[in-house]
Amino acid sequence: MHLHIIGICGTFMGSLALLARELGYQVSGSDANVYPPMSTQLEEVGITLQEGYRADNLAPAPDAVVVGNALSRGNEEVEALLNSGLSYTSGAQWLAEHVLPGRKVIAVAGTHGKTTTASLLAWLLESAGLKPGFLIGGVPRNFGVSARLGDSHSPFVVEADEYDTAFFDKRSKFVHYRPQIAVLNNLEFDHADIFPDLAAIERQFHHLVRTVPSQGQIWVADDQPALERVLKQGVWTPVAHFGGEPSSAWQLVLERKDASRFQVIRRHDSGEEDAVVDWSLTGEYNARNALGALAAASACGADLARSCAALSRFENPKRRQEVRGEINGIQVIDDFAHHPTAIAATLNGLRAATTKGRLLAVIEPRSNTMRIGTMKTQLKDSVAAADHAYWYQPPELDWSVVELIAPQGDKASGYDDIDSLVQAVVTQASPLDRIVVMSNGSFGDVHARLLTALAARAQQGKE
């Protein structure tokens, strides 16, 4: 059976393509923005990619078409699809109908940390010998792929996104998944292009809560007022909290400031147990992600001590504080952070872990929320932990980066040309500095350009 995916290089749709291929489908796809890691992952498994959206991508006619949520009416391929009479559906609906039936589904939701938490949970279940399936909006390096079916009798972990499903289905994607276990990490305003305010997102999260059965489990972060408002709308499932509060069922106690070592305390009806995590990740937000994953894994039968030991072998997903290279003692780090809170959390975590050298942030405000300027003030303040922030002004940005950062003086600079930005960063960078690149897109392959320029400068210094 031939399945064609329009918008195949999105993190969700590319993962869906891997699952379809594993199920035995012939898979093809089209996209206008083909870039790693998803494009590379698809090519490695032999999935044909067509650059650009065109009517002739649907010839010969596939048996079914999956339409990505980034596609709108007026798109040439979408219009050709509708006129053709071919069967079509959304990615979330296809997953719900072809992969999730009969599985114990664990949905990981929240404004931030979904990819990392879902990757952590999949790894903990794998370490417990459960061979889980998963679909994650990134590439967990412990697995090397963003999705797999796993054992048909084992849990299936899905990164549960609140973004809308498709141009013909404006519900959040996660309402399709019907999880037995839900992990709610955090909740704040985002996706200003589709949600008018935080209350609208809270309603969507309550739709997710409504789908969790009474014999299931909902794990909720203990420091999130918006999530508590969601629960007050009604809940029919056992709820337990995780976080820093002594009253929570799962409590986090930092043993190092950078959160590279922390204690986990689990409270249950028969008493308490605890264990220590000593791992390579930093930042309290990552420790909280791990705590939510530990709680969900425990609900599937994973042993606490074994799980905490497994975290020492966990590798962050690609594009989540991923070290892309080091030249002359200068690290270039890639991070997917694209919301002010996520940017601040990442930089604060790296600051705590950076004992020598400076922290240089390179930021592309690219997401739809960033593009329309809804969070400009928060965005400017999110880089306080950096020694210098280099801002890129994408052509489609509706506001001026230079005007925004003017009050920051010599701690920030703006550029509308990537080559100029790269040159400025390389000129200022010194050994032991960390350059953190933040974008939810390819950013003109700026990471490789920085490393190339740093290598050239190092070579010149030897001549």
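Residues numbered from 1 in each chain as written. Predicted model: local features only at pLDDT ≥ 70, side-chain atom pairs only at ≥ 80, totals over all residues. Heavy atoms only, no water.

As recorded by UniProt, the Pathway (unreviewed entry) comment attached to the protein chain reads in full: "Cell wall biogenesis; peptidoglycan recycling." Per UniProt, the comment on the protein chain under Catalytic activity (unreviewed entry) is "UDP-N-acetyl-alpha-D-muramate + L-alanyl-gamma-D-glutamyl-meso-2,6-diaminopimelate + ATP = UDP-N-acetyl-alpha-D-muramoyl-L-alanyl-gamma-D-glutamyl-meso-2,6-diaminopimelate + ADP + phosphate + H(+)". (UniProt positions renumbered as here; feature names shortened; annotations may be inferred.)

1. Description of the overall build of the protein chain
Summing up its helical and strand segments, the protein chain has 15 helices and 23 strands in all. The C-alpha radius of gyration computed for the protein chain amounts to 22 Å, which stays within 12% of the reference 23 Å derived for 463 residues, consistent with globular compactness. Counting only C-alpha atoms, the protein chain reaches 65 × 65 × 40 Å along its principal axes. Within the span of the protein chain, comprising 463 residues, buried residues form 58% of the whole. Taking contacts inside the protein chain between residues at least 6 apart in sequence as the whole, the part at least 24 apart equals 64%. When the accessible area of the protein chain is evaluated, it comes to approximately 18300 Å², of which 47% is carbon and sulfur surface. (Helix = DSSP H or I, 4+ residues; strand = E, 2+ residues; numbered from the N terminus. Rg over C-alpha atoms; globule rule 2.2 N^0.38 Å. Buried < 20%, exposed > 50% of the residue type's maximum accessible area, 1.4 Å probe, protein only. Contact = heavy atoms within 4.5 Å. Areas by Shrake-Rupley, 256 points an atom, 1.4 Å probe, with all protein chains shown as cover.)

2. Quick notes on the sheet that holds strand β22 (residues 412-415)
The strands making up a sheet associate through hydrogen bonds between their backbones, and the pairing can be parallel or antiparallel. The six strands are arranged β18-β19-β23-β20-β21-β22 in an open sheet whose pairing can be described as mixed. Single-partner strands in this sheet number two, and they are β18 (322-327) and β22. Ignoring strand direction, the axes of neighbouring strands in this sheet form an average angle of 20°. Bridge count for strand β20 (residues 359-363) against strand β23 (residues 434-438) is five bridges, and the pairing is parallel. Among the inter-strand pairings, L359 is bridged to a residue of β23, identified as R434. Strands in contact with helix α14 (residues 418-428) are β20, β21 (388-392), β22 and β23; relative to β21, the strand with the most contacts, it is inclined by about 170°. (Pairing = 2+ DSSP bridges. Axes fitted to C-alpha atoms, helices over the stretch in contact; angles between N-to-C directions.)

3. Concerning the sheet that holds strand β9 (residues 156-159)
With mixed pairing, ten strands are arranged side by side in an open sheet as β8-β7-β9-β6-β12-β13-β14-β15-β16-β17. Two strands in the sheet have a free side with no partner beyond their single neighbour: β8 (147-148) and β17 (271-278). Pairing geometry for strand β12 (residues 181-184) and strand β13 (residues 217-221), over four bridges, is parallel. Following the sheet pairing, L184 is matched in β13 by V220. Sheet strands touched by helix α9 (residues 304-311): β15 (250-254), β16 (261-268) and β17. Its angle to β17, the strand with the most contacts, is close to 15°.

4. Points about the side chain of D433
Here D433 is to be found in the loop between α14 and β23. Of note is the side chain of D433, whose polar atom sits 2.8 Å from the backbone nitrogen of S430. Residue contacts for D433: discarding those within four places in its chain leaves G329, I330, Q331, G357, R358, L360 and Q428. (Polar contact = N/O pair within 3.5 Å; in protein donor to acceptor, adjacent residues only side chain to side chain.)

5. Some details on the environment of M1
Within the secondary structure, M1 sits in the segment before β1 (2-6). The sequence separation of M1 and E255 amounts to 254 residues, and the corresponding C-alpha distance is 54 Å.

6. Some remarks on the state of the cysteines
For the coordinates displayed, the defined rule picks out zero disulfides. Not part of a disulfide, C300 finds its nearest cysteine sulfur in C308, a span of 16 Å. Judged by relative accessible area, which is 18%, C300 ranks as buried. (Disulfide = S-S within 2.5 Å.)

7. Some words on the packing of aromatic side chains
Summed over the entire model, instances satisfying the criterion amount to nine aromatic pairs. A centroid spacing of 5.2 Å and a plane angle of 75° characterise the contact between Y88 and F168, whose relative ring orientation is edge-to-face. Note that Y88 is positioned in strand β5 (residues 88-90) and F168 in the loop between β10 (164-166) and β11 (169-172), a separation of 80 residues in sequence. According to the relative accessible area criterion, F168 is partly exposed, its value standing at 33%. Among the aromatic residues, ring-to-ring pairing joins Y88, F167 and F168 into one connected group. Seen from the ring of F12, K173 lies directly overhead, with NZ or CZ sitting 5.6 Å from the centre. (Phe/Tyr/Trp six-rings, centres within 6.5 Å; stacked < 30°, edge-to-face > 60°. Lys NZ or Arg CZ within 6 Å of the ring centre and 35° of its normal.)

8. Observations regarding α9
Within α9, burial applies to L304, S307, C308, A310 and L311. All buried residues of α9 lie within an arc of 155° about the axis, which places them on one face of the element. For α9, the elements touching its buried residues are α5 (114-127), β15, β16, β17 and α8 (284-299). Measuring from the backbone nitrogen of A305 back to the side-chain oxygen at the start of α9 gives 3.3 Å, which picks out D303 as the cap. (Arc of directions from axis to C-beta.)

9. Re the pattern of salt bridges
By the definition in use, this model includes 19 salt bridges. Among the salt bridges present, the one from D334 reaches R324, with a minimum N-O distance of 3.5 Å. Residue D334 is found in strand β19 (residues 330-335), and its partner R324 is found in strand β18; the two are separated by ten residues along the sequence. Ionic pairing is found between R449 and D419, a salt bridge with its closest N-O pair at 2.5 Å. Within this pair, whereas R449 is found in helix α15 (residues 446-462), its partner D419 is found in helix α14, the two being separated by 30 residues in sequence. Accessibility expressed as a relative area gives 30% for R449, which makes it partly exposed. On the basis of relative accessibility, which here comes to 48%, the residue D419 falls in the partly exposed class. Connected via shared salt-bridge partners are D222, D223, E284 and R288. (Salt bridge = Lys/Arg side-chain N within 4 Å of Asp/Glu carboxyl O.)

10. What about the pairing of β23?
Buried residues dominate β23, accounting for five of its five residues. Residues of β23 alternate between two faces, with R434, V436 and M438 on one and I435 and V437 on the opposite face, all of them buried.

11. Topic: the nonpolar core
Among the nonpolar cores identified, the biggest contains 53 residues, and L95, Y177, L184 and F205 are the most heavily contacted of them. Per-element tally for this core: the top contributor is helix α1 (residues 11-22), with seven residues. Of all hydrophobic cores here, the second largest spans 44 residues; its members include F143, L252, L291 and A297. (Core = buried A, V, L, I, M, F, W, Y, C linked by side-chain atoms within 4.5 Å.)

12. Details of the pairing of strand β14 (residues 239-243)
Note that β13 and β14 share four bridges and pair parallel. By the bridge assignment, I218 is partnered in β14 with V239. Once you follow β13 into helix α7 (residues 225-232) and on to β14, the crossover reads as right-handed. The pairing of β14 with β15 spans two bridges and is parallel. Bridge pairing links F242 to W250 in β15. (Right-handed = clockwise from strand over helix to strand, strands pointing away.)

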